[in-house]
Amino acid sequence: MRLKLCSRSNDVVEPMIKPQWYVNCHGMAKGALDAVMDDTNKKIEIMPKQYAAEWKRWLEDIHDWCISRQLWWGHRVPAWYVTLKDDEIKELGSYTDHWVVARSEKDAEAEANRLFPGKKFQLAQDPDVLDTWFSSGLFPLSVLGWPEDTQDLKTFYPTSVLETGLDILFFWVACMVMLGMKLGGDVPFKRFVKF
């Protein structure tokens, strides 16, 4: 066994186990797989065609995705912790049933009121941010103003072509398709061209 040392301070680097957020990707992966492989209802064409096999390999072997990172930049995880006035322990995350996931703090407050009717509480958003690839998967939606129902979103989503490299076929392209279908209601592009 070797001790890992910080390159700047020479301090010992020790892993710290923390709770993480995961997304069950099986349903989204099935939709993304069908969008390419279902010949009766194909929504995305991969060019060159032989890369469809790589798409299939990745999406048939999908696992839950750890989306949380402990960084100080990025899209914040959309989860809020509800600290009830009468909670014995006030530390963030002390009770696993006190988390709410929502699009906004206003929606989180509404969900907390539904879960804890008549109780006084405070909300605190989880300080974690989204994994880079997961966050990047929001790109086709977020550049058009999503989650708001903007005119740009109505006009330009979905787009026609995405051109990129094979090395990010799963990490970025599949994530864009899964999130686009789940959150945007359709595939983000009709053709994926690999160069």
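Residues numbered from 1 in each chain as written. Predicted model: local features only at pLDDT ≥ 70, side-chain atom pairs only at ≥ 80, totals over all residues. Heavy atoms only, no water.

A.B. asks: Talk me through unusual backbone geometry; I want residue IDs and the actual numbers.
C.D. replies: In this structure, Pro147 follows Trp146 across a cis peptide bond, with omega equal to 15°. Relative to the helices and strands, Pro147 is located in the loop between α5 (139–142) and α6 (151–156). With an omega of 0°, the peptide bond between Tyr157 and Pro158 qualifies as cis. A positive phi angle, near 65°, is found at Asn10, a position not held by glycine. Assignment of secondary structure puts Asn10 in the segment before β1 (22–23). Overall, the relative accessible area of 56% leaves Asn10 in the exposed class. (Helix = DSSP H or I, 4+ residues; strand = E, 2+ residues; numbered from the N terminus. Buried < 20%, exposed > 50% of the residue type's maximum accessible area, 1.4 Å probe, protein only.)

A.B. asks: Before we move on, can you summarise the confidence of the model for the chain with the specific residues and values?
C.D. replies: In the predicted model, the chain carries a mean pLDDT of 92, and 99% of its residues have values of at least 70. The lowest-confidence element of the chain is helix α4 (residues 132–136), averaging 88 in pLDDT; the highest-confidence one is strand β5 (residues 79–84), averaging 98. (pLDDT = per-residue confidence, 0-100.)

A.B. asks: Let's hear about the packing of helix α1 (residues 26–37) against helix α7 (residues 169–184): which residues, and what values?
C.D. replies: Between α1 and α7, the least distance of the axes is 9 Å, while the angle of their chain directions is 105°. As far as their axial angle goes, α7 and α1 are roughly perpendicular. Packed against α1, whose contacting residues are Met28, Ala29, Gly31, Ala32 and Ala35, the element α7 presents Val177, Met178, Leu179, Met181 and Lys182 at the interface. Looking at side-chain class alone, the contact of α1 with α7 contains eight nonpolar, one polar and one charged residues. (Axes fitted to C-alpha atoms, helices over the stretch in contact; angles between N-to-C directions. Parallel < 35°, antiparallel > 145°, perpendicular 65-115°, else oblique. Contact = heavy atoms within 4.5 Å. Nonpolar A, V, L, I, M, F, W, Y, C, P; charged D, E, K, R; others polar.)

A.B. asks: Give a detailed account of the pairing of strand β10 (residues 189–194), specifying residues and quantitative values.
C.D. replies: Bridge count between strand β2 (residues 45–47) and β10: three bridges; the pairing is parallel. Bridge pairing in β10 links Glu45 to Arg191. Two strands pair when backbone bridges link them, and strand β9 (residues 159–164) and β10 are joined in this way by five bridges, in the parallel orientation. Counterpart to Thr164 in the pairing with β10 is Lys194. (Pairing = 2+ DSSP bridges.)

A.B. asks: Can you lay out the environment of Leu3 for me, pointing to particular residues and giving the numbers?
C.D. replies: In this structure, Leu3 sits in the segment before β1. When its relative accessible area of 59% is taken as the criterion, Leu3 is described as exposed.

A.B. asks: Give a description of the sheet that holds β10 that names residues and reports values.
C.D. replies: Strand order in the open sheet formed by three strands is β2-β10-β9, and the pairing between neighbours is parallel. On the outer flanks of this sheet lie β2 and β9, each paired with one strand and no other. On average, each strand axis in the sheet is tilted by 15° relative to the strand beside it, whichever way the strands run.

A.B. asks: Please provide a residue-by-residue account of the packing of aromatic side chains, values included.
C.D. replies: Inspection of the entire model under this criterion finds seven aromatic pairs. Plain terms: the ring middles of Trp65 and Phe134 are 5.7 Å apart, the flat faces sit at 80° to each other, and that makes the pair edge-to-face. A residue pair is termed long-range when its members are at least 10 positions apart, and Trp65 in strand β3 (residues 65–66) and Phe134 in helix α4 qualify at 69 residues. Neither residue differs from the other here; Trp65 and Phe134 are each classed as buried. Ring plane angle 35° and centroid distance 5.9 Å describe the contact between Trp133 and Phe171, whose orientation is recorded as tilted. Separated by 38 residues along the polypeptide, Trp133 in helix α4 and Phe171 in helix α7 bring together distant segments of the chain. Take Trp133: its relative accessible area is 33%, and that puts it in the partly exposed class. Ring pairing ties together the aromatic residues Trp21, Tyr81 and Trp99, which thus form one cluster. (Phe/Tyr/Trp six-rings, centres within 6.5 Å; stacked < 30°, edge-to-face > 60°.)

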